[in-house]
Amino acid sequence: GMGGAPPGGMGGMPGGMGGMGDIIQKLASNPKATALLQKAQANPKIMRAMQEVMSNPSAMQKYANDPEIMALLKELQGLM
């Protein structure tokens, strides 16, 4: 059966990380961000990294020594 909330589910997160949807909407209305996201989508490695970091910000440490990914994440953060 479908019992209870999924572990690590989408509970109300204190401190208002407004979920992935908010971020995407904010970025979608910014032409610079849209261009960045299109660039990211062309690169599966970057796309995976972005999705991981957006769902788990501490994953960023994993990519700290990947200049390509860090550059993109920094740019995106600057746009948010």
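In the block above lies the structure referred to throughout.
Residues numbered from 1 in each chain as written. Predicted model: local features only at pLDDT ≥ 70, side-chain atom pairs only at ≥ 80, totals over all residues. Heavy atoms only, no water.

Undergrad: Before we move on, can you summarise the overall build of the protein chain with the specific residues and values?
TA: A tally of helices and strands in the protein chain yields four helices and zero strands. Along its sequence from the N terminus, the protein chain presents helices and strands in the succession α-α-α-α. A total of 80 residues make up the protein chain; the buried ones form 26% of that total. Within the protein chain, counting contacts between residues at least 6 apart in sequence, those at least 24 apart form 43% of the total. Roughly 5,700 Å² of accessible area belongs to the protein chain as shown, and the carbon and sulfur atoms make up 59% of that amount. (Helix = DSSP H or I, 4+ residues; strand = E, 2+ residues; numbered from the N terminus. Buried < 20%, exposed > 50% of the residue type's maximum accessible area, 1.4 Å probe, protein only. Contact = heavy atoms within 4.5 Å. Areas by Shrake-Rupley, 256 points an atom, 1.4 Å probe, with all protein chains shown as cover.)

Undergrad: Can you tell me about helix α2 (residues 31–41), naming the residues and giving the values?
TA: Residues of α2 that are buried include every one of Ala 33, Leu 36, Leu 37 and Ala 40, and no others. One side of α2 carries all its buried residues, which in axial view fall inside an arc of 100°. Exposed side of α2, more than 90 degrees from the buried face: Pro 31, Gln 38 and Lys 39 are the residues found there. One side-chain oxygen of the residue at the start of α2 lies 2.9 Å from the amide nitrogen of Lys 32, identifying that residue as Asn 30. (Arc of directions from axis to C-beta. Polar contact = N/O pair within 3.5 Å; in protein donor to acceptor, adjacent residues only side chain to side chain.)

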